[in-house]
Amino acid sequence: MSSSTSAPPAPSGIDGYFGITRRGSTIANEVRGGLVTFFTMAYIIALNPLIIGTTPDRDGNLISGLSAADPANVGVTIAMVAAATSLVAGIMTITMGVVGRFPLALATGLGLNAMLAYVIAPRVTWPQAMGLVVWEGVIILLLVLTGFREAVFRAVPPALRTGIAVGIGLFITLVGFVDAGVVRKGAGTPLEMGVGGHLLGWPIAVFVVGLLLLILLYVRRVRGAMLISIVSMTVLAIVLEAVLGIGGQNMGETPTGWALNVPAITGSLVSLPDLSLIGRVDLFGAFSAGPDVMIAMLMTVFALLLADFFDTMGTIVAVGAEGGLLDESGHPERTREILIVDSVAAIAGGVGSVSSNTSFIESAAGVGEGARTGFASVVTGAAFLLSLFLAPMVALVPSEAAAPALVFVGFLMLSQVVHIDWDDPEDAVPAFLTMVVMPFSYSITAGIGAGFIFYVLIKVVRGKASRVHPLLWVVGAAFVVYFAQGLINAAIG
């Protein structure tokens, strides 16, 4: 008698397509991870309208086309921007999950939207400003299709990749502390803890309790620790607001109030979205301005391009490293598909009138919760689409309830620092500058730029210029121009 064992059948359906079992995950892990990512970045639904929806353009009009002189138009415009923000984020995040099959969520990029609102829009009309965003996305897409963007991604040395991942860990930790109000601009100091150096107010208490709960659940190896913490603290925040009437910070006037969303139940939790912003784009109008405006526009688009280009690279590296999703060379599967979707998202952000959409580092929170595949992104995207109709319910989650997840993800990502050879200054110094410039300048792009420039400089000083990848020379030169923008703009008036 002989016995034989047959190999287990290959997974099919959702599992087989996304590779859930192959990556050591489960559908439950992916759902939890996708929801955690959504809750940690849902603030963009409230924050983007405050930036894009309240700033008038050259003609004094809001992005809705309504006059900024009438306060009633601001509320209408904010609702329109919130709906478009959710729609574009939902579609592009699902696309990332299905095409890129990577646990990465996309939405309107902070910093990119501020640059658009405060630098570009005052010089042109809002449709023209969104046309520039579309062109920026088209250029990035062409760089992907020609292989340039992927080639730059693969040319980054391992030490710099690690520095980027660790730097983003520090960056996301600072974001969490700032969102919770634990770290603020001080009186006479760049930063201080809480209010006047003290942890005051119920919202900060919600953050502290949430962080303690998350850590205790994690050390007890409870599945869904981040999601449990976010949901529990949201319920606590709703109760506190209902009983005490804490209110928001009101632009700093009430320092012990809620930082972003006020968790108050007012009216219906269901609303119908107004999507009339979609397609309000003028692709060529900005190019008819005078030469001085044109030069300024080109410099700004260059800054948008560089920021979008390298923020995404850093985010992919950090998320992939956190989830063990990179190969021996430090690259994820389907790199080109991931970069193509991210590039199309920039175009979609312009077409949707919500500013360039880009990959969110908050995706690392979902990976920390167990997400390993694109199915988690499908869950996150579906939550964004659902928020089109449940915007009042999403607004109940205060940043203080979601911030503990960001801080804890920073802890998880810092563990990679051991992969840097600190005895070799050629690798260690650029990695160090990448790590510290990111949080201290509050810019992922600035950190990556500092690391690239000093990597090239140190190699030249050590007589090893020939070992520098040609693409790193190009990128290093581009970052020199990026950092010199202030001087260039001053020179051209």
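Placed above this text is the structure.
Residues numbered from 1 in each chain as written. Predicted model: local features only at pLDDT ≥ 70, side-chain atom pairs only at ≥ 80, totals over all residues. Heavy atoms only, no water.

A.B. asks: Let's hear about the pattern of salt bridges: which residues, and what values?
C.D. replies: Here the structure, examined in full by the defined rule, presents 10 salt bridges. Residue arginine 149 pairs with aspartate 342 through a salt bridge whose shortest N-O separation is 3.2 Å. In this pair, arginine 149 sits in helix 7 (residues 148–155) while aspartate 342 sits in helix 12 (residues 335–351), placing the two residues 193 residues apart along the sequence. Side by side, arginine 149 and aspartate 342 carry an identical accessibility label, which is buried. For arginine 336, the salt bridge is made with glutamate 150, and the minimal N-O distance between the two is 3.1 Å. (Salt bridge = Lys/Arg side-chain N within 4 Å of Asp/Glu carboxyl O. Helix = DSSP H or I, 4+ residues; strand = E, 2+ residues; numbered from the N terminus. Buried < 20%, exposed > 50% of the residue type's maximum accessible area, 1.4 Å probe, protein only.)

A.B. asks: Give me the lowdown on the packing of aromatic side chains, citing residues and values where you can.
C.D. replies: All told, the structure shown has 13 aromatic pairs when counted by the stated rule. Aromatic side chains tyrosine 218 and phenylalanine 408 sit 4.7 Å apart centroid to centroid with 65° between the ring planes, which places their arrangement in the edge-to-face category. Here the residue tyrosine 218 occupies a position in helix 9 (residues 202–219), and phenylalanine 408 occupies one in helix 16 (residues 399–414), the gap between them amounting to 190 residues. Note on tyrosine 218: relative accessible area 39%, which makes it partly exposed. (Phe/Tyr/Trp six-rings, centres within 6.5 Å; stacked < 30°, edge-to-face > 60°.)

A.B. asks: With reference to specific residues and values, describe the packing of helix 7 against helix 19 (residues 470–483).
C.D. replies: Across the interface, helix 7 lies against helix 19 with an axial gap of 9 Å and an inter-helix angle of 100°. What the angle tells us is that helix 7 and helix 19 run roughly perpendicular. Only Leu471, Leu472, Val474 and Val475 of helix 19 make contact with helix 7, whose side of the interface consists of Phe148, Ala151, Val152 and Ala155. Of the residues assigned to the contact of helix 7 with helix 19, the class counts are 8 nonpolar, no polar and no charged. (Axes fitted to C-alpha atoms, helices over the stretch in contact; angles between N-to-C directions. Parallel < 35°, antiparallel > 145°, perpendicular 65-115°, else oblique. Contact = heavy atoms within 4.5 Å. Nonpolar A, V, L, I, M, F, W, Y, C, P; charged D, E, K, R; others polar.)

A.B. asks: Residues and numbers for the packing of helix 3 (residues 43–52) against helix 5 (residues 112–120), please.
C.D. replies: Running from N to C, helix 3 and helix 5 cross one another at 20°; their axes reach a closest spacing of 9 Å. Regarding the angle of helix 3 to helix 5, the classification is roughly parallel. In the packing of helix 3 onto helix 5, the handedness of the crossing is right-handed. Of helix 5, the residues touching helix 3 (which contributes Asn48, Ile51 and Ile52) are Asn113, Ala114, Leu116, Ala117 and Tyr118. (Left-handed = near helix turned anticlockwise from the far one by under 90°.)

A.B. asks: Could you give an account of the environment of serine 399, with specific residues and numbers?
C.D. replies: Tracing the chain through its elements places serine 399 in helix 16. Along the sequence, serine 399 and leucine 212 sit 187 residues apart, while their C-alpha atoms lie 16 Å from each other. In contact with serine 399, not counting residues within four places along its chain, are Asp179, Ala259 and Leu260.

A.B. asks: I'd love a proper account of the side chain of threonine 434, names of residues and values included.
C.D. replies: Along the chain, the position of threonine 434 falls in helix 17 (residues 425–441). Polar side-chain contacts of threonine 434 include one of 2.8 Å to the backbone oxygen of proline 430. The contact partners of threonine 434, leaving out residues within four places of it in the chain, are Leu160, Gly163, Ile164, Gly167, Gly447, Ile448 and Gly451. (Polar contact = N/O pair within 3.5 Å; in protein donor to acceptor, adjacent residues only side chain to side chain.)

A.B. asks: Run through unusual backbone geometry, naming residues and quoting values.
C.D. replies: Glycine aside, residues mostly have negative phi, and peptide bonds are mostly found in the trans state. You will see that arginine 101, though not glycine, has its phi angle at about 55°, which is positive. Locating arginine 101 in the fold gives a position in the loop between helix 4 (71–100) and strand 1 (106–108). Located in the positive-phi region is serine 353, a residue other than glycine, with phi close to 60°. With respect to the helices and strands, the residue serine 353 is situated in the loop between helix 12 and strand 4 (357–359). Looking at serine 353, the relative accessible area reads 1%, which means it is buried.

A.B. asks: How would you explain a nonpolar patch on the surface if you had to name every residue and give the values?
C.D. replies: Where nonpolar side chains cluster on the molecular surface, the patch consists of Trp202, Val231, Val235, Val239, Val243 and Leu244 and spans about 570 Å² of accessible area. Since its relative accessible area comes to 43%, valine 231 is described here as partly exposed. (Patch = residues over 30% accessible without salt bridge, like charges linked within 9 Å, V, L, I, M, F, W, Y side chains within 5 Å. Areas by Shrake-Rupley, 256 points an atom, 1.4 Å probe, with all protein chains shown as cover.)

A.B. asks: With reference to specific residues and values, describe the layout of surface pockets.
C.D. replies: When its volume is computed, the second largest pocket comes out at roughly 410 Å³. As for the second largest pocket, its lining consists of 20 residues, of which Tyr218, Val222, Arg223, Gly368 and Glu369 are closest to the centre. Mapped by element, the contributors of at least two residues to the lining of the second largest pocket are helix 2 (27–41), helix 9, helix 10 (225–244) and helix 16. A breakdown of the residues in the lining of the second largest pocket according to their chemical character gives 8 nonpolar, 6 polar and 6 charged. (1 Å grid on protein atoms, 1.4 Å probe; cavity = no way out; pocket = protein on both sides within 12 Å on 5 of 7 lines; lining within 4 Å. Points joined across faces, edges and corners; volume = space filled by probe spheres on them.)

A.B. asks: So, the environment of glycine 186: which residues are in play, and what are the values?
C.D. replies: With respect to the secondary-structure elements, glycine 186 resides in the loop between strand 2 (183–184) and strand 3 (192–193). Overall, glycine 186 belongs to the buried group, its relative accessible area being 13%. As a C-alpha pair, glycine 186 and glycine 197 span 11 residues in sequence and 8.2 Å in three-dimensional space. Excluding anything up to four places from it in sequence, glycine 186 contacts Leu191 and Glu192.

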